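# Coordinate analysis (summary)
Now for the letters of each chain:
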Amino acid sequence: MVRFLMCDQRLRSHSQGKQPMIRARGNVLLHYALACALGLGAPAAFAANHNDAPPPGDTIKAVLTAPPLVPPPTNRRSPAKVVVDLEVVEKDMRLADGVTYNFWTFGGTVPGSFIRVRQGDTVEFTLKNAHDSHMPHNIDLHAVSGQGGGAEATFTLPGHKTQFTFKALNPGLYVYHCATPPVGMHIANGMYGLILVEPPEGLPKVDKEFYVMQGDFYTEGKHGDPGLQAFSLEKAIDEHPTYVVFNGSEGALTGDNALTAKAGETIRMYVGNGGPNLVSSFHVIGEIFDKVYTEGGSKFQENVQTTLIPAGGSAIVEFKADVPGNFVLVDHSIFRTFHKGTLGILKVDGEKNPSIYSGQQKDEEYAPPTKTGH
């Protein structure tokens, strides 16, 4: 009961005069207070204080990158202490041409900053919540073995920062997301990203790496309605998204923002699905994945055309760009691609190779079938 009252008091003091861009039923603050009462989002004052000595070895500040960029490989033979400093920022950004949305972000982008560590690393994680935020936030990293994936240790009010430490026990590509109730709304507003835990030997060398993450968005207005759009809880509950996009907005990976490579290069894509609701059928038109590390794990399947990525899940796909061209990234639930936004471009330059792909060789009429009598 003390935890409930304290949380409620802290939340009310920070909510005065701050009205988020949402139109949803129910009392959002009640969700937060209930979460505190259940221990799902306890403030730091109630969390255990762990001041364990850092492990032997180097202390490294993590390199964080905005999508579609990926930090360089760790290239370390031994574990280290890695310091991650990530800030939550609530900001209006483009969702589509003429359409803006109040995104809740990790690091100011959707998806959030890419984090790269090594198996065995001890990660000191600090989460900040910007002073002008309207809401408390936290983070659940699927790479964490511990209560809430870090969520219970990082309930962070606006203008505050929290810290916890975890050991990266398992290699793989993991989703992280906000887990502050109502959890679905925080994720639907863009609060997700990826953390890669490399195996000790690292991953095989490739020429290019990219960071791509799908998400579904629920607005009060229809697809294409101009202006600042509010979040629709009703659409989210009914799982009827207005937009389904890569990297936070329609066209985020097209035009001047298209991914680029050269013919003959090997490419690795770290692909995530923030959801909150839909499963992605990820496909690159005109390419075959040489390897797919299914669900971001250690085992891979070979020669894959389309791979399923669940909400809150990931996959690592690798392929060689054999020939030049514009290769289209899609969710092969194809109406989403052409009517809701899951479309990106990988632009590959280089010399043509007719032995692999000729391009159009002929376009002519052919004789109709001969009519026969009865």
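Preceding this paragraph is the structure being described.
Figured I'd write up the structure that's included with this text.

## Overview of the packing of aromatic side chains
- Applying the stated criterion to the full structure yields 12 aromatic pairs.
- Plain terms: the ring middles of Tyr101 and Phe103 are 5.1 Å apart, the flat faces sit at 70° to each other, and that makes the pair edge-to-face. In terms of burial, Tyr101 and Phe103 fall into one category: buried.
- Ring geometry for Phe103 versus Phe217: centroids 5.5 Å apart, planes at 75°, classification edge-to-face. With Phe103 in strand β4 (residues 99-106) and Phe217 in strand β11 (residues 208-217), this pair connects stretches of sequence that are 114 residues apart. For the pair formed by Phe103 and Phe217, the shared burial category is buried.
- The rings of Phe246, Phe282, Phe289 and Phe319 are connected pair by pair, giving a single aromatic cluster.

## Side note on the layout of surface pockets
- Of the pockets and cavities examined, the second largest pocket occupies roughly 340 Å³.
- Around the second largest pocket sit 17 residues that line it, and Gly286, Val323, Phe327, Ile356 and Tyr357 are the ones nearest its centre.
- Elements supplying a minimum of two residues to the lining of the second largest pocket: β21 (313-320) and β22 (325-331).
- Here the lining of the second largest pocket is composed, by residue class, of seven nonpolar, five polar and five charged.

## Thoughts on the environment of Thr109
- On the secondary structure map, Thr109 appears in the loop between β4 and β5 (115-118).
- Note on Thr109: relative accessible area 19%, which makes it buried.
- Taking the C-alpha atoms as reference points, Thr109 and Asn247, 138 residues apart in sequence, are found 8.5 Å from one another.
- Those residues in contact with Thr109, other than ones at most four positions away along the chain, are Ala66 and Pro67.

## Quick word on the pattern of salt bridges
- According to the stated counting rule, one finds 11 salt bridges in the structure shown.
- Notably, a salt bridge pairs Asp121 with Arg76, separated by 2.6 Å at the nearest N-O pair. Taken together, the residues span a long stretch of sequence, with Asp121 in the loop between β5 and β6 (122-129) and Arg76 in the loop between β2 (59-61) and β3 (81-96) at a distance of 45 residues.
- Since its relative accessible area comes to 17%, Arg76 is described here as buried.
- One connected set of salt bridges, linked through shared partners, spans Arg116, Glu198, Glu209, Arg268 and Glu318.

## Some points on the side chain of Thr65
- One can find Thr65 in the loop between β2 and β3.
- Accessibility expressed as a relative area gives 12% for Thr65, which makes it buried.
- From its side chain, Thr65 meets the backbone oxygen of Leu69 in a polar contact 2.9 Å long.
- Setting aside its immediate chain neighbours within four residues, Thr65 contacts Val70, Pro71, Ser113 and Phe114.

Each value, and the rule that gives it
Residues numbered from 1 in each chain as written. Predicted model: local features only at pLDDT ≥ 70, side-chain atom pairs only at ≥ 80, totals over all residues. Heavy atoms only, no water. Phe/Tyr/Trp six-rings, centres within 6.5 Å; stacked < 30°, edge-to-face > 60°. Buried < 20%, exposed > 50% of the residue type's maximum accessible area, 1.4 Å probe, protein only. Helix = DSSP H or I, 4+ residues; strand = E, 2+ residues; numbered from the N terminus. 1 Å grid on protein atoms, 1.4 Å probe; cavity = no way out; pocket = protein on both sides within 12 Å on 5 of 7 lines; lining within 4 Å. Points joined across faces, edges and corners; volume = space filled by probe spheres on them. Nonpolar A, V, L, I, M, F, W, Y, C, P; charged D, E, K, R; others polar. Contact = heavy atoms within 4.5 Å. Salt bridge = Lys/Arg side-chain N within 4 Å of Asp/Glu carboxyl O. Polar contact = N/O pair within 3.5 Å; in protein donor to acceptor, adjacent residues only side chain to side chain.

In short, shape yes, function no, at least from these values alone.
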